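Single-letter residue listing:
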Amino acid sequence: MSKTWRPATQLVHNGTLRSQFGETSEAIYLTQGFVYDTSEAAEARFKGETDGFIYARYGSPTNDMFEKRMCALEGAEDARATASGMAAVSAAILCQLKAGDHIVAARALFGSCRWVVETLAPKYGIECTLVDGRFAENWEKAIRPNTKVFFLESPTNPTLEVVDIAAVANLANQIGAKVVVDNVFATPLFQKPLELGAHIVVYSATKHIDGQGRSLGGVILSDKQWIDENLQDYFRHTGPAMSPFTAWTLLKGIETLPLRVAQQTANASKVADFLAEQTKKVARVIYPGRKDHPQADIIAKQMSGGSTLVAFELKGGKEAAFRLQNALEIVKISNNLGDSKSLITHPATTTHKNLTDEARAELGISPGTVRFSAGIEDSADLVEDFARALEQVSA
């Protein structure tokens, strides 16, 4: 496959394997195991002396196609597809740590991601420090002699804060630590963490990559040496592997990723601009594509596009947020994001409900905070939907 192909072409053609039948669409290899011609061939396969598949928990032709296509898009040497985004996050972090090690993580994380580093990891003797990731000096101050991993998402869920990935990677390289970036909100089309110096990138493929409400999935991408030395054994023996059927579904979804994300981003931008004008009812709007984003300078440096997500805060708190959400017709209430259908979420009562009031306040999640995930509908219809719904919200 040509390395000069642009993303839209790579996502249709890269990594494709065809059977003897020459199928147009990728085949689904729904098999747990594989057959060897001889006992000697099986022995050589298990020794790693010959290439080939051994067991679907380790890998399969369909998963291999999806992983190669993601590598081409991300600019990574190797990848492993997982059963969910959280399987990718937990595997990427835990596979490289042991008791006595230390994680520095941005405090602005998806609730389950924060649980992994703040609650799960300490059960195994792995320490964690949460920092305000917007400022590089906070990462530097949190470093200890046993710091091994920096973990962040950028833009963050749900308030769309941005972390300077290159600055964090520079600090990590000085102490031999690894930077793990959850790149879901930016998508691999708008941000390339590996090019910015990060070492490992994780995705919930459930979001934009499938993006059509069908499948759970995740993927971990890095250089081949890191995967061979850290992830491979963890992956083989703990079993977070993706189903081949899911991999096939994601292969179909990823073909249209550039088209969907382009429309979603255009829609998000127009909705963000409309909401920013509603100053009587909307206290603030946060969108990476707007010049008034607090970290517009970092966004210009590390992102090539805005986002499919918009965060905004209603002046009337939870009551106003619920009134708005309940009045929307096109936009559906859901805790998911990155879908072809527009979705809206009240983080304080859903995705981040397990955080304390103080923790939510630190992250800028107020009772009136709402997260909007733009779909591929007509932007004029979406703006009209919000205009109608805002009429139900008291000034």
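The shown structure was predicted, so the numbers you read here are calculated from the model rather than taken from an experiment.

J.: Pulling in residues and values, what's your account of the UniProt feature "modified residue: N6-(pyridoxal phosphate)lysine" (unreviewed entry) in the chain?
T.: According to UniProt, the feature "modified residue: N6-(pyridoxal phosphate)lysine" (unreviewed entry) maps to K207 in the numbering used here. Tracing the backbone through its elements, the reader meets K207 in helix 9 (residues 206–210).

J.: For helix 5 (residues 111–123), give the residues involved together with the corresponding values.
T.: Here helix 5 spans 18 Å end to end across 13 residues, near enough to the 18 Å set by a 1.5 Å rise per residue. Of all the bends found along helix 5, the most pronounced is centred on V117 and spans about 30°. Within the sequence span of helix 5, burial applies to G111, C113, R114, V116, V117, L120 and A121. At its buried positions, helix 5 is contacted by helix 4 (85–94), strand 2 (102–106), strand 3 (127–131), strand 4 (147–153), strand 5 (178–182) and helix 15 (357–362).

J.: Residues and numbers for helix 16 (residues 379–390), please.
T.: Taking 1.5 Å of rise per residue, the twelve residues of helix 16 would be expected to cover 16 Å, and the 17 Å separating its terminal C-alpha atoms lies within 8% of that figure. By the burial criterion, the buried members of helix 16 are S379, L382, D385, F386, A389 and L390. Summarising the axial view, the buried residues of helix 16 lie within an arc of 130°, below the 170-degree limit, and thus occupy one face. Of the surrounding elements, those touching the buried residues of helix 16 are helix 12 (257–276), strand 9 (309–314), helix 14 (317–327), strand 11 (343–345) and strand 12 (369–373). Its side-chain oxygen at 2.8 Å from the backbone nitrogen of A380, D378 defines the N-terminal cap of helix 16.

J.: Run through the pairing of strand 1 (residues 78–82), naming residues and quoting values.
T.: Counting buried residues along strand 1, five of its five residues qualify, which places the element largely inside the surrounding structure. Relative to strand 7 (residues 218–222), strand 1 runs antiparallel, the two being bridged by five bridges. Counterpart to A79 in the pairing with strand 7 is L221.

J.: Tell me about the sheet that holds strand 9, and name the residues and values.
T.: In sheet architecture, strand pairing relies on hydrogen bonds along the backbone and comes in two forms, parallel and antiparallel. With mixed pairing, the five strands of this open sheet are ordered in space as 8-9-12-11-10. Looking at strand neighbours, the two that pair on one side only are strand 8 (282–286) and strand 10 (332–333), the edges of this open sheet. Here strand 10 pairs with strand 11 via two bridges, running parallel. Its bridge partner lying in strand 11, K332 is registered against L343.

J.: Residues and numbers for the packing of aromatic side chains, please.
T.: Under the defined criterion, the tally for this structure stands at seven aromatic pairs. Judged by centre distance (5.1 Å) and plane angle (85°), the rings of F372 and F386 are edge-to-face. One end of the pair, F372, is in strand 12; the other, F386, is in helix 16, and 14 residues separate them in sequence. Exposure class is identical for F372 and F386. Each is buried.

J.: I'd like a rundown of the sheet that holds strand 6 (residues 200–204), residues and numbers included.
T.: The seven strands lie next to each other as 1-7-6-5-4-2-3, forming an open sheet whose pairing is mixed. Looking at strand neighbours, the two that pair on one side only are strand 1 and strand 3, the edges of this open sheet. In this sheet, adjacent strand axes meet at a mean angle of 20° when their direction is disregarded. Where strand 2 meets strand 3, five bridges bridge the pair, whose relative direction is parallel.

J.: Which residues make up the pattern of salt bridges, and what values do they have?
T.: Taken as a whole and judged by the stated rule, the model has 22 salt bridges. With its nearest N and O atoms 2.9 Å apart, the salt bridge here joins E26 to K252. Pair noted here: E26 is in the loop between helix 1 (7–13) and helix 2 (39–47) and K252 is in helix 11 (residues 244–255), with a separation of 226 residues, a long-range link. You can call E26 buried: its relative accessible area is 5%. A relative accessible area of 21% places K252 in the partly exposed class. Of the charged contacts, one joins K301 and D164 as a salt bridge, the two residues approaching to 2.7 Å between their closest N and O atoms. Residue K301 is located in helix 13 (residues 296–302), and its partner D164 is located in the loop between strand 4 and helix 7 (165–175); the two are separated by 137 residues in the primary sequence. Overall, K301 belongs to the exposed group, its relative accessible area being 52%. A network of salt bridges, in which partner residues are shared, links E26, R69, K252 and E255.

J.: Hey, could you go over the nonpolar core for me, with residue numbers and the actual values?
T.: Among the nonpolar cores identified, the biggest contains 32 residues, and F66, M70, Y203, I209 and L221 are the most heavily contacted of them. Breaking this core down by element, the ones donating at least two residues are helix 3 (61–74), strand 1, helix 8 (187–190), strand 6, strand 7, helix 11, helix 12 and strand 9. Among the elements that line this core, the one with the most residues is helix 3, at five residues. Here I209 is in contact with F66, M70, Y203, L250, G253, I254, L257 and R260, once residues within four sequence places are set aside. Counting 28 residues, the second-largest nonpolar core is a separate cluster that includes A105, L109, L120 and F151.

J.: Let's hear about the packing of helix 4 against helix 5: which residues, and what values?
T.: Think of two packed helices as two axes; the pair is described by the angle between the axes and how far apart they sit. Where helix 4 contacts helix 5, the two axes come as close as 10 Å, and the packing angle between them is 30°. Our pair here, helix 4 against helix 5, has a crossing hand that is right-handed. Side by side, helix 4 and helix 5 meet where M86, V89, S90, I93 and L94 of the first sit next to S112, C113, V116, V117 and L120 of the second. When grouped by side-chain class, the residues that make up the contact of helix 4 with helix 5 number eight nonpolar, two polar and no charged.

J.: Could you give an account of the environment of A169, with specific residues and numbers?
T.: Following the sequence through the fold, A169 ends up in helix 7. Looking at A169, the relative accessible area reads 2%, which means it is buried. It is 7.7 Å that separates the C-alpha atoms of A169 and L196, two residues lying 27 residues apart in sequence. The residues touching A169, leaving out its near neighbours within four places in the chain, are V179, L196, G197 and A198.

Parameters and conventions
- Per chain, the residues get numbers from 1 upward, laid out in the order the sequence is written.
- The predicted origin of the model limits local features to residues at a pLDDT of at least 70 and limits the giving and counting of side-chain atom pairs to 80 or more, whereas totals for whole chains, interfaces and linings rest on all residues.
- Side-chain calculation: all heavy atoms of the structure are included, whereas hydrogens and water are not.
- UniProt positions are given in the numbering used here, feature names are shortened, and annotations may be inferred rather than shown by experiment.
- Helix and strand definitions here come from DSSP, where helices need a minimum of 4 consecutive H or I residues and strands a minimum of 2 consecutive E residues; each element is numbered from the N-terminal end.
- The span expected for a helix works out to 1.5 Å for each residue beyond the first.
- The seven residues ending at a residue and the seven starting there each receive a fitted axis; the angle between those axes is the bend at that residue.
- Only protein chains enter the accessibility calculation, which uses a 1.4 Å probe; a residue whose area is less than 20% of its type maximum is buried, one above 50% is exposed, and one in between is partly exposed.
- By definition in these notes, contact holds between two residues if any of their heavy atoms fall within 4.5 Å.
- The directions considered for the arc are those from the helix axis to the C-beta atoms.
- Pairs of N or O atoms within 3.5 Å make up the polar contacts considered here, provided that, within protein, one atom can donate a hydrogen while the other can accept it, and that residues adjacent in sequence are counted only when both atoms are side-chain atoms.
- Only strands joined by at least two bridges in the DSSP assignment are considered to pair.
- Between 30 and 60 degrees the pair is tilted, below 30 it is stacked and above 60 it is edge-to-face, where a pair is any two Phe, Tyr or Trp rings, Trp via its six-membered ring, whose centres lie within 6.5 Å.
- For every element, the axis is a line fit to its C-alpha atoms; helices are fit only across the contacting stretch, and the angle between N-to-C directions ranges from 0 to 180 degrees.
- For salt bridges, the criterion is a side-chain nitrogen of Lys or Arg within 4 Å of an Asp or Glu carboxyl oxygen.
- Among the buried residues, those of types Ala, Val, Leu, Ile, Met, Phe, Trp, Tyr and Cys that are joined through side-chain atoms within 4.5 Å form a nonpolar core.
- When the near helix sits turned anticlockwise from the far one by under a right angle, the crossing is termed left-handed; a clockwise turn instead gives a right-handed crossing.
- Note on residue classes: Ala, Val, Leu, Ile, Met, Phe, Trp, Tyr, Cys and Pro are nonpolar, Asp, Glu, Lys and Arg are charged, and everything else, Gly too, is polar.

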